[in-house]
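# Structural overview
Each chain is listed here by its residues.
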Amino acid sequence: MLEVSSNQIYSETYKALRSIDIDWGIAKDSANLCKWLATHNQFFLGSILKTTDLYKSGNISTSVNDNTYDKPLSSALMGMVLVEYVASNYRTWEGYLNSPKFLVAAMDLISHEQKSYLELSDENHNIIAVTDKEKLYVDLNNLSNTNMYCYLNVAQKNTSNNINELNLSNVSFASRVNEKCWEKLKSMAFNTYVPESDESKSGAGY
């Protein structure tokens, strides 16, 4: 296991996603979600690498309105967009979601910014996560699921019931990651660098 900083996680994830031609805005959002998960002691690395594989093979959706069991919406890539869409329009979204833990991260980031109540539940309407303005309550057992049919909506009140608050005191600014997976991410990130040439040198101010 390696110990890496939250800034390293952000920068290497961002570059790795850009290396497979993911839009810079989406890559930035996704890198922030990975950073959030890491600093809250939640696994992210294997999931984001799997996301890149699914994206390259066309087996994951980046459309809020078009998703299926076989091609679920990527919460790692579209989590921030989806939460902002629901929060700003007071709409309920439902559909198949890949790696809901990224959506939980997006819910927390958006709710801190907008001081909103958001609720994520499974197909049986069991609560997975709910935000209470600046607080986040999560059923951590559900964060390990890969594909789920979910509902995301603006809640009228705190409906956290028996799930636990994820406290900011749990936040760490350095995380331990699998060395092999980290090297794979860094290898992808390296592909975003421009090969050295006379043209690149002149652009860099040589």
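Numbering of residues starts from 1 in each chain and follows the order in which that chain's sequence is written. Whole-chain, interface and lining totals are the exception, using all residues; otherwise, since this is a predicted model, local features are given only for residues with pLDDT of at least 70 and side-chain atom pairs are given and counted only at 80 or more. Hydrogens and water are ignored here; the side-chain numbers use all heavy atoms of the structure.

## Structural notes on the packing of helix 4 (residues 75-89) against helix 5 (residues 100-114)
Each axis is a line fitted through C-alpha atoms, and for a helix only the stretch in contact is used; angles between axes span 0 to 180 degrees, taken between their N-to-C directions. A run of H or I in DSSP becomes a helix once it reaches four residues, and a run of E becomes a strand once it reaches two; helices and strands are each numbered from the N terminus. In contact at an axis separation of 8 Å, helix 4 and helix 5 are set at 40° when each is read in the N-to-C sense. Relative to helix 5, the element helix 4 is oriented oblique. Like other packed secondary-structure pairs, helix 4 and helix 5 cross with a definite hand, here right-handed. Only Pro100, Phe102, Leu103, Ala106, Met107, Leu109, Ile110 and Gln114 of helix 5 make contact with helix 4, whose side of the interface consists of Ser75, Ala76, Gly79, Met80, Leu82, Val83, Glu84 and Ala87. Residue composition of the contact of helix 4 with helix 5, grouped by class: 12 nonpolar, 3 polar and 1 charged. When an angle is under 35 degrees it counts as roughly parallel; over 145 it counts as roughly antiparallel; between 65 and 115 it counts as roughly perpendicular; any other value is oblique. Put simply, a crossing is left-handed when the front helix is turned counterclockwise from the back one by less than a right angle, and right-handed when it is turned clockwise. Should any heavy atoms of two residues lie within 4.5 Å, those residues are considered in contact. In this classification, Asp, Glu, Lys and Arg are treated as charged, Ala, Val, Leu, Ile, Met, Phe, Trp, Tyr, Cys and Pro as nonpolar, and every other residue, Gly included, as polar.

## Quick word on the nonpolar core
With 51 residues, the main nonpolar core has Phe44, Leu82, Trp93 and Leu152 as its most contacted residues. At 8 residues, the largest contribution of residues to this core is made by helix 4. With near-sequence residues (within four places) excluded, Leu152 lies in contact with Leu82, Val83, Val86, Arg91, Thr92, Trp93, Leu103, Met107, Glu119 and Leu120. Here, nonpolar core means buried Ala, Val, Leu, Ile, Met, Phe, Trp, Tyr and Cys residues that are tied together by side-chain atoms lying within 4.5 Å of each other. Burial classes follow relative accessibility: with a 1.4 Å probe on protein chains only, a residue under 20% of its type's maximum area counts as buried, one over 50% as exposed, and anything between as partly exposed.

## Overview of helix 4
For an α-helix the count is 3.6 residues per turn, leaving residues at separations of three or four pointing the same way. Consider a residue and the seven residues that end there alongside the seven that start there; fitting an axis to each set, the bend is the angle between those axes. Val81 marks where helix 4 bends most, by close to 25°. Phi for Tyr90, located one or two positions after helix 4, is positive at around 50°.

## Topic: the environment of Asn65
Within the secondary structure, Asn65 is located in the loop between helix 3 (45-57) and strand 2 (73-74). Taking the relative accessible area as the measure of exposure, Asn65 reaches 74% and is therefore exposed. Between the C-alpha atoms of Asn65 and Gly95, which are 30 residues apart in sequence, the distance is 8.3 Å.

## What to know about the packing of aromatic side chains
Two rings from Phe, Tyr or Trp (for Trp, the six-membered ring) form a pair when their centres are within 6.5 Å of each other. A pair whose planes differ by under 30 degrees is stacked, one over 60 is edge-to-face, and the rest are tilted. Within this structure, the stated rule accounts for 4 aromatic pairs. Residues Tyr69 and Tyr96 carry aromatic rings whose centres are separated by 6.0 Å and whose planes lie at 80° to one another, so their mutual orientation is edge-to-face. Taken as a pair, Tyr69 in the loop between helix 3 and strand 2 and Tyr96 in strand 3 (residues 93-98) lie far apart in primary sequence, 27 residues in all. When its relative accessible area of 29% is taken as the criterion, Tyr96 is described as partly exposed. For the ring pair Tyr149 and Tyr151, a centre distance of 5.8 Å and an interplane angle of 75° mean the geometry is edge-to-face. Through successive ring pairs, a cluster of aromatic residues spans Tyr69, Tyr96, Tyr149 and Tyr151.

## Structural notes on the environment of Thr146
The topology assignment puts Thr146 in the loop between strand 6 (135-138) and strand 7 (147-154). Residue Thr146 is classed as partly exposed on the basis of its relative accessible area, which comes to 47%. In sequence terms Thr146 and Ser47 are 99 residues apart; their C-alpha atoms lie 8.7 Å from each other. Thr146 has contacts with Leu97, Asn98, Ser99 and Pro100, leaving out every residue within four places of it along the chain.

Distances and angles like these do not, on their own, reveal function.
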